[in-house]
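A closer look at the structure
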Amino acid sequence: MQGAIFSAIGGAINAVVSAIADIIMIIVSVIVTIIVTIFDIIFDIICCNCFGGRSFRTGTHRYRFGRRGGAAATY
């Protein structure tokens, strides 16, 4: 009887630790995605400025800087 109790307690602890680890992994993934997106946008802006107003794409975004009223981002 005591073995079953300890086994149930161990299973519950394992489930809680796994859930906490999953939450931490999701948070880290979101932070990394935000950082990568910020750098992607910065590099897109730098490349567009270097290539003189033409539409240029380096990552997941395409930015057009030029004569048509500022910047327009397309995804």
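Residues numbered from 1 in each chain as written. Predicted model: local features only at pLDDT ≥ 70, side-chain atom pairs only at ≥ 80, totals over all residues. Heavy atoms only, no water.

Observations concerning the overall build of the protein chain
On a plain count of helices and strands, the protein chain comes out with 1 helix and 3 strands. Start at the N end of the protein chain and walk to the C end: the helices and strands fall as α-β-β-β. Taking all contacts inside the protein chain whose residues are at least 6 apart in sequence as the whole, residues at least 24 apart take part in 2%. When the accessible surface of the protein chain is totalled, it reaches about 6,000 Å², and 71% of it is carbon and sulfur. (Helix = DSSP H or I, 4+ residues; strand = E, 2+ residues; numbered from the N terminus. Contact = heavy atoms within 4.5 Å. Areas by Shrake-Rupley, 256 points an atom, 1.4 Å probe, with all protein chains shown as cover.)

Re a nonpolar patch on the surface
A cluster of nonpolar residues, Ile23, Ile26, Ile27, Val30, Ile31, Ile34, Ile35, Ile38, Phe39, Ile42, Phe43 and Ile46, forms a patch on the protein surface that exposes about 1,100 Å² of accessible area. Tracing the backbone shows Ile26 in helix α1 (residues 2–50). (Patch = residues over 30% accessible without salt bridge, like charges linked within 9 Å, V, L, I, M, F, W, Y side chains within 5 Å. Salt bridge = Lys/Arg side-chain N within 4 Å of Asp/Glu carboxyl O.)

Quick look at the confidence of the model for the protein chain
The predicted model of the protein chain averages 78 in pLDDT, with 64% of residues at 70 or higher. By mean pLDDT, the top-scoring element of the protein chain is α1 (90), and the lowest-scoring one is strand β3 (residues 70–74) (50). (pLDDT = per-residue confidence, 0-100.)

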